Amino acid sequence: MDRDGTELKMAPPKAVAGTLELSGAEIVIRALKDQGVKHIFGYPGGAVLPIYDAIFQQNDVEHVLCRHEQGATHAAEGYARATGKPGVVLVTSGPGATNAVTGLTDALMDSIPLVVITGQVASHLIGTDAFQEADTVGITRACTKHNWLVKDANDLARVMHEAFQIATTGRPGPVVIDIPKDVQFKKGAYATPASVKHRTFRVKSDPDLGQIVKAIELMAAAKKPLFYTGGGIINSGPVASKLLRELVALTGFPVTSTLMGLGAFPASSPEWLGLVGMHGTYEANHAMHDCDLMICLGARFDDRVTGKIDLFSPGSKKIHLDIDPSQINKNVRVDVPIVADAAKALKEMLHFWKTQKKKADAAALKDWWKEIDQWRAKKSLDYKPSSKLIKPQYAIDRLYELTRGRNVFITTEVGQHQMWAAQRFKFEEPNRWMTSGGLGTMGYGLPAAVGVQMAHPDALVIDIAGEASVQMTMQEMSTAVQYDLPIKIFILNNEYMGMVRQWQQLLHGGRYSHSYSEALPDFVKLAEAYGGVGLRAQTPDELDAKILEMIDSPKPVLFDVRVDPKENCYPMIPSGKAHNEMILSDAMEEETVVSDEGKMLV
Amino acid sequence: MRAPTERHTIAVLVDNEAGVLARVVGLFSGRGYNIESLTVAEVDHAAHTSRVTVVTSGTPEVIEQIEAQLRRLVPVHSVVNWTTSSPGIEREMALVKVAGTGDKRAEAQRISTIFRAHIVDTTHNSFVFEITGAPGKIDNFVDLMRPLGLVDVSRTGVAAISRGPEAM
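Attention here is on the structure that accompanies the text.

Criteria and cut-off values
- Sequence order sets the numbering: in each chain, residues are counted from 1 along the sequence as written.
- A letter from A marks each chain and a number from 1 marks each ligand, given out in the order of writing.
- Restriction of local features to residues with pLDDT of at least 70 applies here, the model being predicted, together with a cutoff of 80 or more for giving and counting side-chain atom pairs; totals for whole chains, interfaces and linings are based on all residues.
- Note that water and hydrogens are dropped before the side-chain values are worked out from all heavy atoms of the structure.
- Starting at the N terminus, helices and strands are each numbered in turn, a helix being any DSSP run of H or I of at least four residues and a strand any DSSP run of E of at least two.
- Relative accessibility under 20% of the residue-type maximum defines a buried residue, over 50% an exposed one, and the middle range a partly exposed one, all with a 1.4 Å probe and only protein chains included.
- Any two residues whose heavy atoms approach within 4.5 Å at even a single point are treated as in contact.
- Per-residue and other accessible areas were derived by the Shrake-Rupley procedure at a 1.4 Å probe size, with only the shown protein chains allowed to occlude residues.
- Here Asp and Glu are counted as negative and Lys and Arg as positive; His is not counted, and neither are the chain ends.
- Taken as the charge centre is NZ of Lys, CZ of Arg, CG of Asp or CD of Glu, depending on the residue.
- A patch consists of residues exposed above 30% relative accessible area that lack any salt bridge, with like charges linked at up to 9 Å and nonpolar side chains (Val, Leu, Ile, Met, Phe, Trp, Tyr) linked at up to 5 Å.
- We define a salt bridge as a contact between a side-chain nitrogen of Lys or Arg and a carboxyl oxygen of Asp or Glu at a distance within 4 Å.
- Pairing between strands is defined by DSSP: at least two bridges between the two strands are required.
- Note on definitions: angles span 0 to 180 degrees between N-to-C directions of axes, and those axes are lines fitted to C-alpha atoms, for helices only across the stretch in contact.
- Two parts lose some accessible area (1.4 Å probe) when they are put together, and adding that loss for both gives the buried area.
- Polar contact is the term for a pair of N or O atoms within 3.5 Å; when the atoms are in protein, one must be able to donate a hydrogen and the other to accept it, and sequence-neighboring residues count only if both atoms are side-chain atoms.
- Polarity classes work like this: nonpolar for Ala, Val, Leu, Ile, Met, Phe, Trp, Tyr, Cys and Pro, charged for Asp, Glu, Lys and Arg, and polar for all others, with Gly in that last group.
- Orientation is classified from the angle alone, with under 35 degrees giving roughly parallel, over 145 giving roughly antiparallel, 65 to 115 giving roughly perpendicular, and any other angle giving oblique.
- A clockwise turn of the near helix away from the far one marks a right-handed crossing, whereas an anticlockwise turn of less than a right angle marks a left-handed crossing.
- Take the buried Ala, Val, Leu, Ile, Met, Phe, Trp, Tyr and Cys residues and link them wherever side-chain atoms come within 4.5 Å; each set so joined is a nonpolar core.

A count of helices and strands for chain B gives 4 helices and 9 strands. The secondary structure elements of chain B, listed N-terminal to C-terminal, are β-α-β-β-α-β-β-α-β-β-α-β-β. Counting only residues that meet the buried cut, chain B has 40% of its 168 residues in that class. Excluding contacts between residues fewer than 6 apart, the proportion of contacts in chain B whose partners are at least 24 apart in sequence is 73%. Carbon together with sulfur atoms contributes 54% to the accessible area of chain B, which is approximately 8,900 Å² in total. One finds the centroid of the 17 positive side-chain charges in chain B at a distance of 3 Å from the centroid of its 19 negative side-chain charges.

What follows is about a nonpolar patch on the surface. Residues and elements named next belong to chain B. Among the surface-exposed residues, Leu21, Val25, Ile35 and Val40 lie close enough to one another that they form a single nonpolar patch of about 260 Å² accessible area. Here Ile35 lies in the loop between helix 1 (20-30) and strand 2 (37-44). Owing to a relative accessible area of 34%, Ile35 belongs among the partly exposed residues under this scheme.

Let's shift gears to the pairing of strand 17 (residues 460-466) of chain A. Residues and elements named next belong to chain A. With 7 of 7 residues buried, strand 17 lies mostly within the body of the structure. Where burial is concerned, the two faces of strand 17 agree: the one with Leu460, Ile462, Ile464 and Gly466 and the one with Val461, Asp463 and Ala465 are both buried. Across 5 bridges, the pairing between strand 15 (residues 408-412) and strand 17 is parallel. Its bridge partner being in strand 17, Val408 is matched across the sheet by Leu460. Across 5 bridges, strand 17 lies against strand 18 (residues 488-493) in parallel orientation.

Our next topic: the sheet that holds strand 18 of chain A. All names here are of chain A. The parallel open sheet is built from 6 strands, whose spatial order is 16-15-17-18-20-19. With one partner strand each, in any of the chains shown, strand 16 (433-434) and strand 19 (533-537) form the two edges of the open sheet. Set on the sheet, helix 19 (residues 416-424) makes contact with strand 15, strand 16, strand 17 and strand 18; between it and strand 17 the angle comes to about 135 degrees.

The subject of this paragraph is the interface of chain B and chain A. Taken together, the contact pairs 18 residues of chain B with 18 residues of chain A. Both faces considered, chain B and chain A share a buried interface measuring about 1,400 Å² in area, 46% of it formed by carbon and sulfur atoms. In this structure, the connection of chain B to chain A is made through 3 salt bridges. Linking chain B to chain A there are 8 residue pairs in polar contact (both at pLDDT 80 or more). Sort the elements by how many residues they give to the side of chain B that touches chain A and helix 2 (residues 60-72) of chain B lands first, with 6 residues. Residue composition of the side of chain B that touches chain A, grouped by class: 6 nonpolar, 6 polar and 6 charged.

Okay, the packing of helix 18 (residues 392-403) of chain A against helix 19 of chain A next. Residues and elements named next belong to chain A. Remark: helix 18 packs on helix 19, axes separated minimally by 10 Å, with the N-to-C direction vectors making an angle of 50 degrees. Classified by the interaxial angle, the pair formed by helix 18 and helix 19 is oblique. Crossing handedness for the pair helix 18 and helix 19: right-handed. Taken together, the residues of helix 19 that come into contact with helix 18 (itself represented by Pro392, Gln393, Ile396 and Asp397) are His417, Trp420, Ala421 and Arg424. When grouped by side-chain class, the residues that make up the contact of helix 18 with helix 19 number 4 nonpolar, 2 polar and 2 charged.

It is worth spelling out the pairing of strand 5 (residues 114-120) of chain A at this point. If a strand is regular, its side chains alternate between the two faces of the sheet. Residue and element names in this part refer to chain A. Counting buried positions over the 7 residues of strand 5 gives 7, a clear majority of the element. On strand 5, burial covers both faces: Leu114, Val116, Thr118 and Gln120 on one face and Val115, Ile117 and Gly119 on the other are all buried. With 5 bridges joining them, strand 4 (residues 87-91) and strand 5 adopt parallel strand pairing. Its bridge partner lying in strand 5, Leu90 is registered against Ile117.

The next thing to look at is the pattern of salt bridges. Residues and elements named next belong to chain A. Following the criterion strictly, the structure yields 36 salt bridges over all chains and no others. Lys33 is paired through a salt bridge with Asp60; the nearest N and O atoms lie 3.9 Å apart. Of this pair, Lys33 sits in helix 3 (residues 24-34) while Asp60 sits in the loop between helix 4 (49-56) and strand 3 (62-65), placing them 27 residues apart in sequence. Judged by its relative accessible area of 41%, Lys33 falls in the partly exposed class. A salt bridge links Glu567 to Lys391; the shortest N-O distance between them is 2.7 Å. Linking Glu567 in the loop between strand 20 (557-562) and helix 25 (596-600) with Lys391 in the loop between helix 17 (362-376) and helix 18, this pair joins segments that are 176 residues apart in sequence. Accessibility expressed as a relative area gives 6% for Glu567, which makes it buried. Each of the salt bridges in this network shares a partner with another, and the network as a whole consists of Glu495, Asp522, Arg536, Asp560 and Arg562.

All names here are of chain A. Ranked by internal contacts, the top residues of the largest apolar core, which has 107 residues, are Met219, Phe490 and Phe559. Looking at this core element by element, the count peaks at 8 residues for helix 16 (residues 342-355). The residues touching Met219, leaving out its near neighbours within four places in the chain, are Phe227, Leu247, Thr251, Phe253, Leu293, Ile295, Ile319, Met349 and Trp353. Counting residues in each nonpolar core, the second largest holds 42 residues, with Cys143, Ala449, Val470 and Ile489 among its members.

Before going further, it helps to examine the sheet that holds strand 13 (residues 317-322) of chain A. Residues and elements named next belong to chain A. As summarised here, the arrangement of the 6 strands in space is 11-10-9-12-13-14, forming an open sheet in which the pairing is parallel. Taken across any chain shown, the strands that pair with only one partner, and hence form the sheet edges, are strand 11 (272-275) and strand 14 (336-339). Sheet twist, expressed as the mean angle between neighbouring strand axes with direction ignored, is 15 degrees. Bridging between strand 9 (residues 225-229) and strand 12 (residues 293-297) involves 5 bridges; their strand directions are parallel. In the strand pairing of strand 12, Thr229 is matched with Leu297. With respect to the sheet, helix 17 is in contact with strand 9 and strand 11, its orientation differing from that of strand 11 by roughly 45 degrees.

Let's shift gears to the side chain of Gln504(A). Residue and element names in this part refer to chain A. With respect to the helices, strands and loops of the structure, Gln504 is situated in helix 22 (residues 498-507). Given the relative accessible area of 10%, Gln504 is considered buried. Beyond its immediate stretch of four places on either side in the chain, Gln504 contacts Gly509, Gly510, Arg511, Tyr512, Ser513 and Ser515.

So, about the environment of Ala122(A). On the secondary structure map, Ala122(A) appears in the loop between strand 5 and helix 8 (136-140). With 407 residues separating them in the primary sequence, Ala122(A) and Ala529(A) have C-alpha atoms 40 Å apart.

Once that is clear, we can look at the environment of His124(A). Residue and element names in this part refer to chain A. Examined against the element boundaries, His124 turns out to sit in the loop between strand 5 and helix 8. Note on His124: relative accessible area 65%, which makes it exposed. Spatially, the C-alpha atoms of His124 and Asp182 are 8.8 Å apart, while their sequence positions differ by 58 residues.

Let's shift gears to the environment of Val76(B). With respect to the secondary-structure elements, Val76(B) resides in strand 4 (residues 76-81). In this structure the C-alpha to C-alpha distance between Val76(B) and Val12(B), which are 64 residues apart in sequence, comes to 6.9 Å. Setting aside chain neighbours within four positions, we find Val76(B) in contact with Thr200(A), Val12(B), Leu13(B), Val14(B), Leu70(B) and Arg71(B).

The structure is reproduced here in structure tokens:
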């Protein structure tokens, strides 16, 4: 040591020398910090106490205490989708891990990056049916992109960094790191993120330029082209959305999107056809059916989009951009597959379109737009207004109008309200719309809103909910109150599991088996009991003032919007039907015949 | 109309880490694919890599999905379909126990010579044959042993490798 101590101060920290020894719990926290993690969502328990102790002794990573592990995972999903960063969850062994399974599966289906750390019983107890023991890696193998059981503290830093790499690279997804309690106590060597490279995990993200050229040649030759965009554009990052807008501006092609892709392309654009699929617009679905070139960008031909697969867009050539090679030709055979990151591929498409001086077929496109305008004229989202009852569509329209121009993030639960929100709320930017698409998880929206609000404390975060869904994770109101998160829960209360009721009406002779929301709580009193604000609107004329009251409230709000209980969600492609066999709202009183084969589809 | 199903032999080189076989098998059961046979063993002790050989059946679309889904698994190094890519050699080993006396016993031994099976255990009224070959050959051998007092069969499943100098 130097006399004045300078050398001691200048000496590199042990970490740089690669010999830093930390306890397993400290390695977890250090790795989170080095990965840039600011917030984690979790719930303590016996098998994670050492990690909670390490959390207590530092200030770099803020822990958000949720009220249920499922809530923690959905909060982390909301956080991830609103920021583009991975969501991190910490839960205990056994029930902590099993409660996280729904959130993991949800994140897997919707390609959301989550790093979930689970405590495990001590190594010597594994396999003995110990207290709060569950085979977490066994249970979560099918609902994660990858998972690990870490048996040695010396492996922990590497696994932590690999976990972040795998969760966020390529097609994002959830990962689980299961850490026995003794490993959390034991000392191990810390490794920095830069020093870790996975042995086998590589992702091809650069497009094959030959495929790009083939794609733009098809685009220049197309008479009836259509962009069909999905969550891959959002997951690629804001640049992909920007490039998509450029490509649409250059080509003038119409655009439709999956539920996951809303916001990638602005809903105010003239090229926007609205949502595609089962509850998509008439124009979007007819355009899908009749197009001669489908340009699928970051979507996966989900059954909710395609309808009956052998009747799906029979006359079109198909370009399919996806970062996950297994999505190519999975449900639908395509002509030009492009395996790449969306932003990278769009950049090359733009480059070749410009340098090869490609032009869209203007005359054909004009005719195509004329056809589309005829479908648009059907005004498939119209509904019968009422001066006595609040129509759910009206409620969403008013919510949209009164929140326009604000910094708004929307989450949803699952069901009719979700579809109405997707149809009617106009998104202009990516990462503003958080909904459970693939798994269809009721109870997603409230905790997701908690996560979004943690990421964006000053934003207006609204969960468009149903009275049935919202009760599944209502306990997270307590989290919102604890962390001063002024989330707004906009409950379209029709006293039914509306989508279940709608299907029972359509397919099961109106026998509404167990779909009535009986014995509902008083949501106003419930909000107050949690320490939030409760509001209720029963008639259309009081709705606007109450919405404004909700927006202006500095606290979490449960807003019980009593809507017309009879309203159904239209338009709709009944199960087993094609895109051009949609039923519209004015046909709702007519008998819709669904085949036996169709009834078997979910 | 669905395309007819085909039988394919797929080799998967994986990191030999805990749970890797469960990932491969879970993928098949979870997505409803068939497994007709499966063999797995570490092939490079220093590099900790194992080779899984799966015989599966499905339409060409399903086979394409199986390969793509296998490639998604994180510990997978490479996937090769020996049925569609370079012509491969497939071999399987079986231990076949046949019990009997007199003419049947003599006939069993005679057939085993024709199939170039080895006798690896014998008593006065039983044989255990070791036979190696393509799966079809083993099927034939087992069928011929059935009326001669077949007691038990243990098969390894298919191991496969490509012809020529290249690695998979």
